[in-house]
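Take a look at the letters that make up each chain.
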Amino acid sequence: MSTSATLEQAAPSRHRVRGTRPLLRLALRRDRLMIPIWVYALVAAAVGTGYSFKALYGSTAEQEQLAAGVNANSSILALVGRLHEPLSVAGLTSWRLLGLGAVLTSVMSILLVVRHTRAEEEEGRLELLAAGSVGRFAPLAAALSVMALANVTVAVLMASGLVLIGFPTIGSIAFGLGWCTVGIGFGGLAAVTAQIAGTARSANGMAMAALGAAFLLRAAGDAGTATWLSYLSPIGWAQRLRPYTDENWWPLLPLLGFAAVTMLVAVRLNDRRDLGGAMLAARPGPVDSTGLTGVRALAWRLQRAGLLGWGVAILIWGLVIGNLAGDVGKLLGSSTQLQELMAELGGPGALADSFIAATAGILGLIVAAFAVQTLLRLRAEETSGRAELLLSGSVGRIPWLLATVWPAVRGSALLLAVGGLGTGGAYALRSGDAGQIGRVLGATLVQLPAVLVVIGAGVLVLGLLPRWAAAIWGLLGVFLLLGQLGPALQLPGWAIRISPFGSLPKLPGEALAWGPVVALVLVALVLGGIGAAAFRHRDLG
Amino acid sequence: MNAAVEVAGLRKEFGRSVALDSLDLTVETGQTHGFLGPNGAGKSTTIRILLGLVRKTAGAATLLGRDPWRDATELHQQIAYVPGDVTLWPNLSGGEIIDLLGSLRRGIDPVRKKELIERFDLDPTKMGRAYSKGNRQKVALVAALSANTDLLILDEPTSGLDPLMEEVFREALAAEKARGRTVLLSSHILSEVEAVCDRVSIIRAGRTVETGTLAEMRHLLRTSVDATVSGDLPDLTRIAGIHDLQVEGDRLRCQVDEAGLADLLGALSAAGVRTLTCQPPSLEELFLRHYSRPEPEPVTGTAV
């Protein structure tokens, strides 16, 4: 009797994950290109950086000089994190890459989980699958498995690669665990936001916002006096694993706990809701419209909520960065190595100026991500068939294209201004110098030409290779790695300037050079022009 | 400018695959033209070329006397289109979408819009994501039918509608026809085409295989006859144009060409006909006759 009772209880949970394996195979098949690209990029970045650092920072003297400078400088602490003793090439590599890589594995995980849960549900494909012999949790379980598998693959290959180039085994394992546990945790969080939000877009947005908050908490905690802030961030936990420098293992507890709790919450939420349903209830809309006429009004209507979200996030970012910029003056010792590193990262001049220039460069990349997201709406409209409905009306192709491109341009300028005003305002309050507002605003706005190049490249891809539209994200990733790792790897100037963000004058420390600004605007116009011409002449859909 | 749509020898290649191969289609102004074909025959591709969304590879296509690719923007002032699979903006209400689409055409008639929303029993306050397939279709139908355009292009517009709504659609289409609008109706619901269309074009594998009025097409087909007689049946096999003859006692069933119908009826009345059912050829038979053939053949114009 007792056995049959247990069976009765056990059966439902087994049924609820039935079908996970075929769904997992389906997901792997769909991601047969995406996951290998992510894995390759992340592993190559880590092993490549480690290999180069062996040549660049081989001597103990070089390492000590760097460490002394870094730990005394709150701006580097904010951007990268704390450098622990004893020093080694391996330790330097993990110091430079642990936080950055954890952010990147998290981005990968968020995109993967939402892609296989809410996006499938929104498109109605999940309904087709769920009608088969597929348990209630199977889609979620399959998405989480793919995500975890990708993270573990990255970690194993990265750690093996580092061991191969001669780094200690235990430290490499800790390094790999740092990357993959943060990634899996944010993947779990994305599973939660996928239950709450009704669309893939907002599910991604909510999870990315949480990741941004984790980054800012870690930055503020490491740079300022309130060290405890860093303990609130999964990225901060991962850095406390201290790979290669007397490893700590306790952070694995909160890291695995974070992953477990988010996944359990996602499962609970999933259990309570209908297929296609969201936590955020739908309200009735207007019977008719007075203002929604034409494609420009439509584009604004579709984008205004997203722009507001980005604006709030970037304002918070700016306020935190501005506050940290005020701390940069508290530099204790100074080392030439540090000066050089900071100069390469942010240009010559005062350290606060370099810090502002470096963070403005990051803001430029963040705003470029907004621009890419806005542009790719065009492709989504096309593949969903809504473009067909619109263009069967009296709308030219070019006006339709511009109705999306122009808000991307205008929104980017606006977001750069918001970031500049937030940073400048907070910095002015800390330093008591109102003149800083204008200087900082200049530093963020000068990023616009580089964002325009990204938009131009996006239009080019939409016009010539619409099927590969998502590749524009890859281009942005290349620019990110060039900007973040290029100086530390001591890449030649031309290589760093492949990224439009690398060619910009580093305001406010440097003088504003108009040459590169004008050149970038011209490049953007040419790319966009070719793309628009191709867009006019190709088949739609 | 007599014909609203004129397509001749239209060809479209997607890479190596040929979607349309010498397709002809003429829709006279003021007429309702049925555009029939099995899945994948090229109906939607033809329509997308007519809408200037896709570029033709070769051949001629004019819409209201103009080039659908070059003059797309101006032409679309006068066109209302309903796709077979409507996707809506998830965060816009149905009412907003109807007005938005109207603003991209020559405006919409608010009275007709209100009337159509009522007749189609559509809730315009729902958000795009909340509509079912049939209701999404209704949103696009109301937007198109209430638009002040000369030409309606409908690509399987009733897919997902219930029979009651299909009836509403037929009535609405009849009203548009009475108003003098030209309609190109792509469909594979034959009863729908039979009920509303003046002329029909049948395509297969990217070619037009038959075109004409329904009456003309019926000429080419056989009438089914089912009769019982009181006397003895004569030898009917001598009558020209009789096919599939089955005799069971006093009951007879057969198919007969138009030419043999008079002879058959004469023979039946001579044999003392008691019951008689004549079934006119349906579009379905025409359709099946074309599609059950293994290879597409050029139009012959003569009966089999």
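Keep in mind it's a predicted model, so treat the numbers as computed, not measured.

## Description of the overall build of chain B
Thought 1: The secondary structure content of chain B amounts to 10 helices and 13 strands.
Thought 2: Across its three principal axes, chain B shows a C-alpha extent of roughly 75 × 45 × 35 Å.
Thought 3: Counting only contacts in chain B whose residues sit at least 6 apart along the sequence, the fraction spanning at least 24 positions is 70%.
Thought 4: Here chain B has roughly 13100 Å² of accessible surface; of this, 50% comes from carbon and sulfur atoms.
Thought 5: Taken as two groups, the 35 positive and 42 negative side-chain charges of chain B have centres that lie 6 Å from each other.

## Focus: the sheet that holds strand S3 (residues 32-36) of chain B
By definition, the strands of a sheet pair up through backbone hydrogen bonds, in either a parallel or an antiparallel sense.
Residues and elements named next belong to chain B.
Thought 1: Spatially, 6 strands are ordered S5-S6-S7-S3-S8-S9 in an open sheet, and the strand pairing comes out mixed. One side of each edge strand has no neighbouring strand; the edge strands of this open sheet are strand S5 (79-82) and strand S9 (207-213). With direction set aside, neighbouring strand axes in the sheet form an average angle of 15°.
Thought 2: In the sheet, strand S6 (residues 151-155) pairs with strand S7 (residues 182-187) via 5 bridges, with the strands oriented parallel.

## Comments concerning the domain arrangement of chain B
Thought 1: If you check the domain split of chain B, you get domain 1 (3-217) and domain 2 (222-280).
Thought 2: On a C-alpha basis, the centres of domain 1 of chain B and domain 2 of chain B stand 43 Å from each other.

## Re the packing of helix H9 (residues 138-164) of chain A against helix H10 (residues 169-196) of chain A
All names here are of chain A.
Thought 1: Between H9 and H10, the least distance of the axes is 8 Å, while the angle of their chain directions is 160°. Relative to H10, H9 is oriented roughly antiparallel. Regarding H9 and H10, the two cross each other, and that crossing is right-handed.
Thought 2: Here the residues of the contact of H9 with H10 sort into 17 nonpolar, 8 polar and no charged.

## Topic: the packing of aromatic side chains
Residues and elements named next belong to chain A.
Thought 1: The final tally for this structure, using the stated rule, is 11 aromatic pairs over all chains.
Thought 2: Here phenylalanine 167 and tyrosine 244 contribute two aromatic rings whose centre-to-centre distance is 5.7 Å and whose plane-to-plane angle is 80°, an arrangement assigned as edge-to-face. With a gap of 77 residues between them, phenylalanine 167 in the loop between H9 and H10 and tyrosine 244 in the loop between helix H12 (234-239) and helix H13 (252-272) connect regions that are remote in the sequence. Tyrosine 244 carries the same exposure label as phenylalanine 167, and that label is buried.

## What to know about the environment of A:Asn204
Thought 1: Here A:Asn204 lies in helix H11 (residues 200-223).
Thought 2: In this structure the C-alpha to C-alpha distance between A:Asn204 and A:Ala190, which are 14 residues apart in sequence, comes to 7.0 Å.

## Description of the interface of chain A and chain B
Thought 1: Contact with chain A, which involves 35 residues of that partner, is made by 36 residues of chain B.
Thought 2: Summing the contributions of chain A and of chain B, the shared interface buries around 3100 Å²; its carbon and sulfur component is 58%.
Thought 3: On the chain A side of the interface with chain B, the three residues burying the most area are A:Glu388, A:Leu389 and A:Ser394, jointly 21% of the side's total.
Thought 4: Applying the counting criterion to the chain A and chain B interface returns 3 salt bridges.
Thought 5: We note a salt bridge from B:Arg48 to A:Glu388, for which the minimum N-O separation is 3.0 Å.
Thought 6: Between the two partners, chain A and chain B, sit 21 residue pairs in polar contact (both at pLDDT 80 or more).

## Observations concerning the domain arrangement of chain A
Thought 1: Here chain A is partitioned into domain 1 (16-278) and domain 2 (294-541).
Thought 2: Relative placement of domain 1 of chain A and domain 2 of chain A: their C-alpha centres are 24 Å apart.

## Some points on the environment of B:Val7
Residue and element names in this part refer to chain B.
Thought 1: Mapping valine 7 onto the fold places it in strand S1 (residues 3-14).
Thought 2: On a C-alpha basis, the gap between valine 7 and glycine 266 in space is 45 Å, while along the polypeptide they are 259 residues apart.
Thought 3: Apart from the residues within four sequence positions on either side, valine 7 is in contact with Leu23, Asp24, Leu25, Leu50, Ala60 and Ala61.

Cut-offs and rules
Residues numbered from 1 in each chain as written. Chains lettered and ligands numbered in written order. Predicted model: local features only at pLDDT ≥ 70, side-chain atom pairs only at ≥ 80, totals over all residues. Heavy atoms only, no water. Helix = DSSP H or I, 4+ residues; strand = E, 2+ residues; numbered from the N terminus. Contact = heavy atoms within 4.5 Å. Areas by Shrake-Rupley, 256 points an atom, 1.4 Å probe, with all protein chains shown as cover. Lys, Arg positive; Asp, Glu negative; His and termini not counted. Charge placed at Lys NZ, Arg CZ, Asp CG, Glu CD. Pairing = 2+ DSSP bridges. Axes fitted to C-alpha atoms, helices over the stretch in contact; angles between N-to-C directions. Domains from an automatic or database assignment. Parallel < 35°, antiparallel > 145°, perpendicular 65-115°, else oblique. Left-handed = near helix turned anticlockwise from the far one by under 90°. Nonpolar A, V, L, I, M, F, W, Y, C, P; charged D, E, K, R; others polar. Phe/Tyr/Trp six-rings, centres within 6.5 Å; stacked < 30°, edge-to-face > 60°. Buried < 20%, exposed > 50% of the residue type's maximum accessible area, 1.4 Å probe, protein only. Buried area = accessible area lost by both parts, 1.4 Å probe. Salt bridge = Lys/Arg side-chain N within 4 Å of Asp/Glu carboxyl O. Polar contact = N/O pair within 3.5 Å; in protein donor to acceptor, adjacent residues only side chain to side chain.

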